[in-house]
Amino acid sequence: MKVLTLNFLTCAVKSCKSSSDSFPLHPKDAELAKDDVEINPQLLANVLPRLDWNALRTTSTELGFPSLPDQPPSPEDLTADEKMLQELHSLLMETQIMEGKLVCGHCGHEYAIREGIANFLLPSHLV
Amino acid sequence: MAALPSSSAATAVARLNAAATAAQRDAETEAEAYERTHVHGVYQAIAPHFSATRHKPWPAVALFLHAQPPGSVGLDVGCGNGKYLGVNPAVIMLGSDRSPALVALARSRLGRPDDAGIQGVTKIRSEARSAATTATSTDAAGSAVSTGQGGGAAISDVLVADGLSLPFRDAAVDFAICVAVIHHLSTRARRQDAIRQLLRCVKPREAGSGQVLVYVWALEQGASRRGWDEGGEQDLLVPWVLKSQTQARAQKECRHGQATSKDVNTAVTNTGGETPSTATASAGEPGDTQTAGVASQTDPVFKRYYHLYRKGELEEDVLAAGGVIITSGYERDNWWVVAANGTPSSRPEQ
């Protein structure tokens, strides 16, 4: 599962959705892999406004990446800053969590990730 | 000070509520168990065969996907083998499915230019990262195998989730598609709830954005050979015959990327309803050109539950789920609708 995807995910438990603690989910015991994905600056610039930047900063730190700036770069900044472009591309598009767990900060439920696939099926008592 | 209800009345109300909730829960549990047998279990069992017969995107779905602006992020709920994830390489698709077997298949296809593509596998060593001290930090220097991905879908992703408990945050994405999925839910409340979930995940309605495309099988299939039409039974168990030879051939065709869907996945059985409310019928699948086949004694037959939508019913369900209809129509044995959230956030509309 890509780091990009994690930015759109929250706990599958309905009663957690209203809590700000359920987003972002927290990676635990994560094993990472890096794909080779062709860089697409325009796509990245288009995607950035769709991300929750604060959540991405949290995720980035939790996965052990260097901390991101307080504010997302503007499209102009991004095209001018090759290093930032490369870093964000690598983090969002290329980095995968292959094994590990995603933990809800509200209910504590852990979702397993195996072979790069996160499983959000809930046990019946949580549905 | 406002008078409190007498404790006995309050207790009675609480008891009534509890009883109602319990009854509701029982009905839900029953519906879930039914779908586990007649939908989820079947797809787990037939996943490779099913996948091998599914490659051609529906034209109207492809059109919808191509209409999304570059950089849009969209959901494919019930993505199956992921055939829609790479249709528009300029958008990011997050696919989910209830079947882990189908999601694994979808993931194996991500990033391939087509079914014939071969993924290069390279071994990399992840660089030592700045000392992460949190408990959730990762293995800093472990080696990992990564797949070199070249196709458009390399920026898409898949996960396992139930359409009624989607793990996406509210208003997270620009659009969503849900093709040939909701007709597998066995009560109307659950079908409407599934649409409600889709609407919850997309952004508020604005010009061209926040749209949800839903496709379901139609009751009105006068032009097909399945024999279903207006006025017929809407809740059916539809057999899928897992023919071993067919499976092998279908997979071969799949690898060549040009299967003609002539696989025999249909059978004629008239054994009567397994459950009081459900009839059994002969059928194929949306998107196939059916060739009715005869199941041999030994081929396993799996029966999937379908609710066939009658004309207008999908629109009713969208409205009941709090959505509005942007457009709707009929395409080869299927009803479809493009919906959006009923309450636009910014601009007031009548």
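Treat the numbers as computed from the prediction; the structure is a model and nothing was measured. Along every chain, residues carry numbers that run from 1 in the direction the sequence is written. Just so you know, chain letters begin at A and ligand numbers begin at 1, following the order they were written in. The predicted origin of the model limits local features to residues at a pLDDT of at least 70 and limits the giving and counting of side-chain atom pairs to 80 or more, whereas totals for whole chains, interfaces and linings rest on all residues. Computation of side-chain values covers all heavy atoms of the structure but excludes hydrogens and water.

Enquirer: Go over a negative patch on the surface with me, naming the residues and quoting the values.
Expert: A surface patch of negative charge is lined by E76, D77, D81 and E82 of chain A. The class of E76 of chain A is exposed, set by a relative accessible area of 55%. Patch membership requires over 30% relative accessible area and the absence of a salt bridge. Like charges are linked within 9 Å, and nonpolar side chains (Val, Leu, Ile, Met, Phe, Trp, Tyr) within 5 Å. In these tables, accessible area is a Shrake-Rupley quantity obtained with a 1.4 Å probe, and a residue counts as shielded only by the protein chains included in the view. Basic side-chain nitrogens of Lys or Arg form a salt bridge, by our definition, when they fall within 4 Å of a carboxyl oxygen of Asp or Glu. Positive charges come from Lys and Arg alone, negative charges from Asp and Glu alone, with His and the N- and C-terminal ends not counted. For charged residues, the charge sits on one atom: NZ in Lys, CZ in Arg, CG in Asp, CD in Glu. Here's how the labels work: a residue is buried when its accessible area is under 20% of the maximum for its type, exposed when over 50%, partly exposed in between, all with a 1.4 Å probe on protein chains only.

Enquirer: Run through the pattern of salt bridges, naming residues and quoting values.
Expert: Residues and elements named next belong to chain B. Under the definition given, this model contains 16 salt bridges over all chains. Of the charged contacts, one joins D174 and K203 as a salt bridge, the two residues approaching to 3.1 Å between their closest N and O atoms. Remark: K203 occurs in the loop between α4 (188–201) and β7 (211–217) and D174 occurs in the loop between β5 (157–160) and β6 (175–179); sequence separation between them is 29 residues. E316 is the salt-bridge partner of R188, the closest N and O atoms lying 2.8 Å from each other. One end of the pair, R188, is in helix α4; the other, E316, is in helix α6 (residues 313–320), and 128 residues separate them in sequence. On the basis of relative accessible area, R188 is assigned to the partly exposed category, the value being 31%. Residue class for E316 comes out partly exposed when judged on its relative accessible area of 36%. Residues participating in the shared-partner salt-bridge network are R188, R310, E316 and D317. Secondary structure elements are defined from DSSP: runs of H or I of at least 4 residues count as helices, runs of E of at least 2 residues count as strands, and each element is numbered from the N terminus.

Enquirer: Kindly report on unusual backbone geometry, identifying the contributing residues and their values.
Expert: In terms of backbone geometry, most residues other than glycine have negative phi values and most peptide bonds are trans. Along the chain, F23 of chain A connects to P24 of chain A via a cis peptide bond; the corresponding omega equals -5°. With respect to the element layout, P24 of chain A can be found in the loop between α1 (3–6) and β1 (26–34). Despite not being glycine, R332 of chain B shows a phi value in the positive range, around 35°. Among the secondary structure elements, R332 of chain B is positioned in the loop between β11 (323–331) and β12 (334–341).

Enquirer: Before we move on, can you summarise the pairing of strand β3 (residues 110–114) of chain A with the specific residues and values?
Expert: All names here are of chain A. Here β3 shows a buried face lined by Y111 and I113 and an unburied face lined by E110, A112 and R114. Paired strands are those between which DSSP finds at least two bridges. Pairing of strand β2 (residues 95–103) with β3, which is carried by four bridges, proceeds in the antiparallel orientation. Considered in β3, the bridge of K101 is made with A112. Two successive antiparallel strands, β2 and β3, enclose a turn made up of six residues, where G108 displays a positive phi of approximately 80°. For β3 and strand β4 (residues 117–118), the ladder comprises two bridges, and the chain directions are antiparallel.

Enquirer: Tell me about helix α3 (residues 100–109) of chain B, and please be specific about residues and values.
Expert: For α3 of chain B, the full list of buried residues reads L102, V103, A106, R107 and R109 of chain B. An end-on view of α3 of chain B places all buried positions within 160° of arc, on one side of the element. Directions are taken from the helix axis to each C-beta atom, and the arc is the one they span.

Enquirer: Go over the nonpolar core with me, naming the residues and quoting the values.
Expert: Grouped together as the largest cluster of nonpolar side chains are 75 residues, with contacts concentrated most on L56, L88, I97, L102 and F120 of chain A together with I182 of chain B. Ignoring sequence-local partners within four residues, the contact set of L56 of chain A consists of V3, N7, L51, L68, L88, L91 and L92 of chain A. Here, the term nonpolar core denotes a set of buried Ala, Val, Leu, Ile, Met, Phe, Trp, Tyr and Cys residues that are joined through side-chain atoms within 4.5 Å. The next biggest cluster of nonpolar side chains, apart from the first, holds 25 residues, and it includes V87, L110, V158 and A180 of chain B. Contact between two residues is taken to exist if any of their heavy atoms lie within 4.5 Å; hydrogens are not considered.

Enquirer: Can you lay out the sheet that holds β1 of chain A for me, pointing to particular residues and giving the numbers?
Expert: Strand order across the open sheet formed by four strands is β1-β2-β3-β4 (chain A), with antiparallel pairing between neighbours. Lying at the two open borders of the sheet, with one neighbouring strand each, are β1 and β4 of chain A.

Enquirer: Which residues make up the interface of chain B and chain A, and what values go with them?
Expert: Each side of the interface is counted separately: chain B has 50 residues, and chain A has 45 residues. Taken together, both faces of the contact between chain B and chain A bury some 3,800 Å²; the carbon and sulfur share is 56%. Inspection of the region where chain B meets chain A yields one salt bridge. Of the charged contacts in the structure, one is a salt bridge between R50 of chain A and D174 of chain B, with a shortest N-O distance of 2.6 Å. By the criterion applied in these results, polar contacts are pairs of N or O atoms within 3.5 Å in which, for protein atoms, one can donate a hydrogen and the other can accept it, and in which residues neighboring in sequence qualify only through two side-chain atoms. Put simply, chain B and chain A have 14 residue pairs in polar contact (both at pLDDT 80 or more) between them. Those elements giving two or more residues to the side of chain B that touches chain A turn out to be β2 (92–97), α3, β3 (120–125), β4 (143–148), β5 and α4 of chain B. Of the residues forming the side of chain B that touches chain A, the biggest block, five residues, is contributed by β4 of chain B. Throughout this entry, Asp, Glu, Lys and Arg are counted as charged residues, while Ala, Val, Leu, Ile, Met, Phe, Trp, Tyr, Cys and Pro are counted as nonpolar. The remaining residues, Gly among them, count as polar. Of the residues that constitute the side of chain B that touches chain A, the class distribution is 22 nonpolar, 15 polar and 13 charged. Defined in terms of a 1.4 Å probe, buried area is the accessible area two parts forfeit on being brought together, summed over both.

Enquirer: Before we move on, can you summarise the sheet that holds β12 of chain B with the specific residues and values?
Expert: All names here are of chain B. Sheet architecture is open: seven strands sit in the order β5-β2-β1-β6-β7-β12-β11, paired in mixed fashion. Strands with a single pairing partner mark the edges of an open sheet, and in this sheet they are β5 and β11. Direction aside, the axes of adjacent strands within the sheet are offset by 15° on average. When β11 meets β12, the two strands line up antiparallel, connected through eight bridges. By the bridge assignment for β12, T327 is matched with V338. Packing of α3 onto the sheet brings it into contact with β2 and β5, and relative to β5 it is tilted by some 170°. Orientation is described by axes fitted as lines to C-alpha atoms, over the contacting stretch for helices, and by angles from 0 to 180 degrees between their N-to-C directions.

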